[in-house]
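# Summary of the model geometry
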Amino acid sequence: MLASMFGGKKKEAPQAPKPDAAATLTNLTEQCERVEKRQKVLDNQVTSLKNDAIAKKKAGDTRGALLKMKQMKMKEKEAAKLDGQLIMLEEQKMMIEST
């Protein structure tokens, strides 16, 4: 105990094994698939919300239509974030494949 306090030998931390490139590529591919799946769900939700907003506007419920439009905008922003995430994952895959 005193040796460690006064500059005794330091134990080396065990190094983590290097990740396998093939395993990393499969992991990135799976992540891309999940993001694409989430994008499809969001696209369907946006379409549904848009149709609901139009129906509410025709029925005279302006406030309800506005609420649906705001929800639609939120879903579109989330879809835009997913687009960026998908691009980043694809770039990572290309970098790993090139090495």
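A brief look at the structure comes next. (Residues numbered from 1 in each chain as written. Predicted model: local features only at pLDDT ≥ 70, side-chain atom pairs only at ≥ 80, totals over all residues. Heavy atoms only, no water.)

For the rest of this paragraph, the subject is the overall build of the protein chain. Along its length, the protein chain carries 3 helices and 0 strands. Counted from the first residue to the last, the protein chain has its helices and strands arranged as α-α-α. Here the protein chain, with 99 residues, has 17% of them falling under the buried criterion. Taking the intrachain contacts of the protein chain between residues at least 6 apart in sequence as the baseline, contacts between residues at least 24 apart amount to 73%. (Helix = DSSP H or I, 4+ residues; strand = E, 2+ residues; numbered from the N terminus. Buried < 20%, exposed > 50% of the residue type's maximum accessible area, 1.4 Å probe, protein only. Contact = heavy atoms within 4.5 Å.)

What follows concerns the packing of helix α2 (residues 21-59) against helix α3 (residues 62-98). Orientation of α2 relative to α3, taken along the N-to-C sense of each, is 165°, at an axis distance of 8 Å. When the interaxial angle is binned, α2 and α3 end up roughly antiparallel. The way α2 lies across α3 gives a crossing that is left-handed. Residues that form the contact of α2 with α3 fall into these classes: 17 nonpolar, 10 polar and 14 charged. (Axes fitted to C-alpha atoms, helices over the stretch in contact; angles between N-to-C directions. Parallel < 35°, antiparallel > 145°, perpendicular 65-115°, else oblique. Left-handed = near helix turned anticlockwise from the far one by under 90°. Nonpolar A, V, L, I, M, F, W, Y, C, P; charged D, E, K, R; others polar.)

Here the focus is the environment of E97. Following the sequence through the fold, E97 ends up in helix α3. The exposed category is assigned to E97, whose relative accessible area is 52%. Taking the C-alpha atoms as reference, E97 lies 8.1 Å from A21; in sequence the two are 76 residues apart.

The next subject is the side chain of K93. Among the secondary structure elements, K93 is positioned in helix α3. Looking at K93, the relative accessible area reads 14%, which means it is buried. With residues up to four places along the chain from it excluded, the contact list for K93 reads L25, L28, T29 and C32.

On to the pattern of salt bridges, then. In total, this model carries 3 salt bridges according to the counting rule given. Its salt-bridge partner being K93, residue E90 comes within 3.9 Å of it at the nearest N-O pair. In this pair, E90 and K93 both sit in helix α3, 3 residues apart, roughly one turn of the helix. Residue classification places E90 among the partly exposed positions, given a relative accessible area of 31%. (Salt bridge = Lys/Arg side-chain N within 4 Å of Asp/Glu carboxyl O.)

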